[in-house]
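Listed below, chain by chain, are the residues.
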Amino acid sequence: MTIDEMNKIKETRGYSFTQLSDYTGVPVVTLQRIFTGATKSPRKATLDAIEKVLKGDESIFSGKAYSYGEKSSVSYSDYEGKSGMLLENEPVYGAKKNGEYTVADYYALPDDKRVELIDGYFYDMTAPRTIHQIICDLVFNSIYNFIRENKGSCIPISSPIDVQLDCDDKTMVQPDIIIVCDEDKIKDRVVFGAPDLIIEILSPSTRRKDMFVKTDKYCNAGVKEYWMIDPKKKILIAYNFSDEDVVPVIVPLKGEFAMFMYDGKLKVNLDEIAQMIDRFTR
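Residues numbered from 1 in each chain as written. Predicted model: local features only at pLDDT ≥ 70, side-chain atom pairs only at ≥ 80, totals over all residues. Heavy atoms only, no water.

Undergrad: Honestly, the nonpolar core in this entry has me stumped. Any pointers?
TA: As a rule of thumb, soluble globular proteins bury nonpolar side chains together. Among the nonpolar cores identified, the biggest contains 32 residues, and V139, I143, I199 and I273 are the most heavily contacted of them. Sorting the residues of this core by element identifies α6 (130-149), β5 (177-180), β7 (197-201), β8 (225-230), β9 (235-240) and α8 (270-280) as the ones contributing at least two each. Broken down by element, the residue count for this core peaks at 10 residues, all from α6. Residues contacting I199, with those up to four places away along its chain left out, are V139, I143, P175, D176, I177, W227, I229 and M259. Judged by nonpolar contacts, the second largest core, of 26 residues, contains V173, A194, I198 and Y239. (Core = buried A, V, L, I, M, F, W, Y, C linked by side-chain atoms within 4.5 Å. Buried < 20%, exposed > 50% of the residue type's maximum accessible area, 1.4 Å probe, protein only. Helix = DSSP H or I, 4+ residues; strand = E, 2+ residues; numbered from the N terminus. Contact = heavy atoms within 4.5 Å.)

Below you can see the structure in the form of structure tokens.
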């Protein structure tokens, strides 16, 4: 099946990229790159997964199941209404409605209000759990020690840190860990532009946002590498956005895992993370 044929079936059935991702298991970013022609040589396994759904029984893989926008990228309406997919509450502050907020509104919030701003939408952030902070510290220390011992020039930073991802006034995110190699991006109160690497520790209240909305945002903003550590499922999901096919590597929290940065020389001990999860989530 050609990409054009796939596109026709996708449009006929009314699939959004998010819905097709749920059916195929292929990440939204990968689907976008394949269907727009940005990926010239998709992996056969990826195409087979897409073709299985598009050739499948539409009563099983039903189209127009939810209310989707017409945009070719992830739409926030993909996570609202009937789908029930967005676990984060979208708060409303002041006279504006979601989609209209700016960085100025973000800075005007009370200091004790923890939110992220993504494309004009506010998302509440609950206080992190203990295991979240333990994992964050473990991973950050591994990164910091490697860079220091090798006299690297990149700067690792852990939360809380504001990242004005797109250098516009509509998005401000707070990743758990970042690495910034362009020192000019580090300003007095914000990192202005895309970090080279971002790591998020998934939690029940943010996992959908981190896995869908942020993956798309980070890839399009120019982040080179994105990790998600899932304490619940005890897995690591790692994206190398320099890879044309943008397929995640998913591994259990066992052994070591090498970052794509630093030619794989920077390794994180996954056994230690798993041990901490067992120790503090009983």
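Here the narrative resumes.
Undergrad: How should I be thinking about unusual backbone geometry in this particular structure?
TA: The bulk of non-glycine residues show a negative phi, and the bulk of peptide bonds are trans. Of note, the amide linkage connecting S159 to P160 takes the cis form, showing an omega dihedral of 0°. Mapped onto the elements of the fold, P160 is located in the loop between β3 (155-158) and β4 (163-164). Notably, D119 is not glycine yet its phi reads approximately 50°, a positive angle. Along the chain, D119 turns up in the loop between β1 (115-118) and β2 (121-124). With a phi angle near 60°, Y262 is a residue other than glycine that sits in the positive phi range. Take Y262: it is sitting in the loop between β11 (256-258) and β12 (267-269). Residue class for Y262 comes out partly exposed when judged on its relative accessible area of 24%.

Undergrad: Please explain the pattern of salt bridges as it appears in this structure.
TA: Two side chains carrying opposite charge are able to pair once their charged atoms lie near each other. Per the counting criterion, the structure on display carries 13 salt bridges. Here D119 makes a salt bridge to K217, at a shortest N to O gap of 2.8 Å. Placement of D119 in the loop between β1 and β2 and of K217 in helix α7 (residues 207-221) is noted, with a sequence separation of 98 residues between them. A cluster of three or more residues bridged by salt bridges with shared partners is formed by E116, E200, K209, D210 and K214. (Salt bridge = Lys/Arg side-chain N within 4 Å of Asp/Glu carboxyl O.)

Undergrad: Whenever I open this one, the state of the cysteines confuses me. Can you help?
TA: Between two cysteines, a covalent bond joining their sulfur atoms is known as a disulfide. If you walk through the whole model with that rule in mind, you get one disulfide. The residue that forms a disulfide with C154 is C181, at a sulfur-sulfur distance of 2.0 Å. The sign of the 100° torsion about the S-S bond sets the C154-C181 disulfide as right-handed. Highlighted residues: C154 in the loop between α6 and β3 and C181 in the loop between β5 and β6 (191-192), separated in sequence by 27 residues. The exposure class assigned to C154 is buried, which follows from its relative accessible area of 11%. (Disulfide = S-S within 2.5 Å.)

Undergrad: Which parts of the structure should I look at to understand α6?
TA: Side chains that are three or four residues apart share a direction in an α-helix, a result of its 3.6 residues per turn. Over its 20 residues, α6 runs 28 Å from end to end, which matches the ideal 28 Å to within 8%, given 1.5 Å per residue. Among the residues of α6, I131, H132, I134, I135, C136, L138, V139, F140, I143, F146 and I147 are the ones counted as buried. Packing partners of the buried residues in α6 comprise β3, β5, β7, β8, β12 and α8. Looking at the residues trailing α6, positive phi occurs at K151, about 55°. (Expected span 1.5 Å × (residues − 1).)

Undergrad: Sorry if this is basic, but what is going on with the pairing of β8 here?
TA: Along a regular strand, successive side chains alternate from one face of the sheet to the other. Of all six residues in β8, six are buried; the element is thus mostly enclosed. Residues of β8 alternate between two faces, with E225, W227 and I229 on one and Y226, M228 and D230 on the opposite face, all of them buried. For β7 and β8, the ladder comprises five bridges, and the chain directions are parallel. Within β8, the position partnered with I199 by the bridge is W227. The handedness of the β7 to β8 crossover, carried by α7, is right-handed. Counted along the chain from β8 to the antiparallel partner β9, the turn is four residues long, and its residue K234 has a positive phi close to 55°. (Pairing = 2+ DSSP bridges. Right-handed = clockwise from strand over helix to strand, strands pointing away.)

Undergrad: Looking at this structure, I do not really get the environment of I273. What am I missing?
TA: Turning to its location among the elements, I273 is positioned in helix α8. Accessibility expressed as a relative area gives 1% for I273, which makes it buried. In this structure the C-alpha to C-alpha distance between I273 and L253, which are 20 residues apart in sequence, comes to 7.0 Å. Aside from chain neighbours lying at most four places away, what touches I273 is I135, L138, V139, I229, L253 and V268.

Undergrad: Is there a simple way to think about the side chain of S203 in this case?
TA: Relative to the helices and strands, S203 resides in the loop between β7 and α7. Accessibility expressed as a relative area gives 16% for S203, which makes it buried. Among the polar contacts listed, one links the side chain of S203 to the side chain of T206, at a separation of 2.9 Å. (Polar contact = N/O pair within 3.5 Å; in protein donor to acceptor, adjacent residues only side chain to side chain.)

Undergrad: Would you mind showing me how to read the confidence of the model for the chain here?
TA: Parts of the model with low pLDDT should not have their predicted coordinates read in detail. When pLDDT is averaged along the chain, the result is 84, and 88% of the positions lie at 70 or above. Considering each helix and strand of the chain separately, the mean pLDDT is smallest for helix α2 (residues 17-24), with a value of 80, and largest for β5, with 98. A low-confidence stretch, residues 64-89 stays under pLDDT 50, and its non-local contacts, those more than four residues away or across chains, total 58 contacts. (pLDDT = per-residue confidence, 0-100.)

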